[in-house]
Amino acid sequence: MPPDLVLRPEQLSDADAVEALYAVAFGPGRYTRTATRMRDGFPHDPRTSFVADRSGLVIGAIRQTKIRVGGAPAYLLGPLAVAETAAKQGIGRALLSRSIDAGRLCGADAIVLVGDPGFYKPSGFKQVWDDIQLPGPVERHRMMCLPLKRDVAGPAVVADW
């Protein structure tokens, strides 16, 4: 990672910068995705959400939202984005690692996401195909889970646990 980079918890004052980063990374189509719609109206957990800060500029961000999967406490990871100008420097992996560690400390049984298997598998995520059901369409091969305490299965719903 670049030596001038700081990974820190996301603060309220970062909200606009994080949203701008997500807008560039994912475009307007992000609002139609099932995972985004699940998070809509529910705050991300600040204990598991981090930014990559370079000299006061947010160049990366990751968030997690509390959910339940089959009744078990879990997190829905995402979005994770890094500015294109800062890509390929290990920032995304560092944010992911920090967020996973935080999720473990917060007592979640698992972390669930819809994402690129090539990026997430090296961090221990496995494709779960039909084990976890989100309340809308997803590309099944992108449905992934990292068990923290145990495997989880069943429907996923946003929850405060």
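Residues numbered from 1 in each chain as written. Predicted model: local features only at pLDDT ≥ 70, side-chain atom pairs only at ≥ 80, totals over all residues. Heavy atoms only, no water.

Below, the discussion takes up the packing of aromatic side chains. Note on aromatic pairs: each is described by the distance of the centres and the angle between the planes. Throughout the structure, instances matching the rule amount to three aromatic pairs. Here the aromatic rings of Tyr120 and Phe125 are separated by 5.6 Å at their centres, their planes lie at 75°, and the arrangement is edge-to-face. Owing to a relative accessible area of 3%, Phe125 belongs among the buried residues under this scheme. A network of ring pairs unites the aromatic residues Phe119, Tyr120 and Phe125 as a single cluster. Across from the ring centre of Phe119, 4.3 Å away, lies the NZ or CZ of Arg93, which sits over that ring. The ring centre of Phe50 lies 5.8 Å from the NZ or CZ of Arg98, which sits over that ring. (Phe/Tyr/Trp six-rings, centres within 6.5 Å; stacked < 30°, edge-to-face > 60°. Buried < 20%, exposed > 50% of the residue type's maximum accessible area, 1.4 Å probe, protein only. Lys NZ or Arg CZ within 6 Å of the ring centre and 35° of its normal.)

Here we come to the environment of Val128. Tracing the backbone through its elements, the reader meets Val128 in the loop between β6 (126-127) and β7 (132-133). When the C-alpha positions of Val128 and Ala153 are compared, they lie 8.7 Å apart, and in sequence the two are 25 residues distant. Among all residues touching Val128, those that are not within four sequence positions of it are Met143, Met144 and Cys145. (Helix = DSSP H or I, 4+ residues; strand = E, 2+ residues; numbered from the N terminus. Contact = heavy atoms within 4.5 Å.)

This part takes up the pattern of salt bridges. Overall, the coordinates contain twelve salt bridges when judged by the stated rule. Between Arg63 and Glu10 there is a salt bridge; the shortest N-O distance is 2.7 Å. Linking Arg63 in strand β3 (residues 57-69) with Glu10 in the loop between β1 (5-9) and α1 (15-26), this pair joins segments that are 53 residues apart in sequence. Connected via shared salt-bridge partners are Arg8, Asp14 and Asp53. (Salt bridge = Lys/Arg side-chain N within 4 Å of Asp/Glu carboxyl O.)

Most peptide bonds are trans, and most residues other than glycine sit at a negative phi. At the junction of Gly78 and Pro79, the peptide bond is cis and its omega measures out at -5° in the coordinates. Summarising the element assignment, Pro79 is placed in strand β4 (residues 72-82). Phi at Trp129 takes a positive value of approximately 45°, unusual for a residue other than glycine. Along the chain, Trp129 falls in the loop between β6 and β7.

Counting 33 residues, the largest nonpolar core has Leu77, Leu95, Ile111, Tyr120 and Phe125 as the members making the most contacts within it. The set of elements that each furnish at least two residues to this core consists of β1, α1, β2 (50-54), β3, β4, α3 (91-105), β5 (110-114) and β8 (143-147). Broken down by element, this core gets its largest block of residues, six residues, from α3. Every residue in contact with Phe125, bar those within four places of it in the chain, is listed here: Leu77, Leu96, Ile100, Ile111, Leu113, Tyr120, Met144, Cys145 and Leu146. Ile67, Val69, Ala74 and Met143 belong to the second largest nonpolar core, which has 17 residues in total. (Core = buried A, V, L, I, M, F, W, Y, C linked by side-chain atoms within 4.5 Å.)

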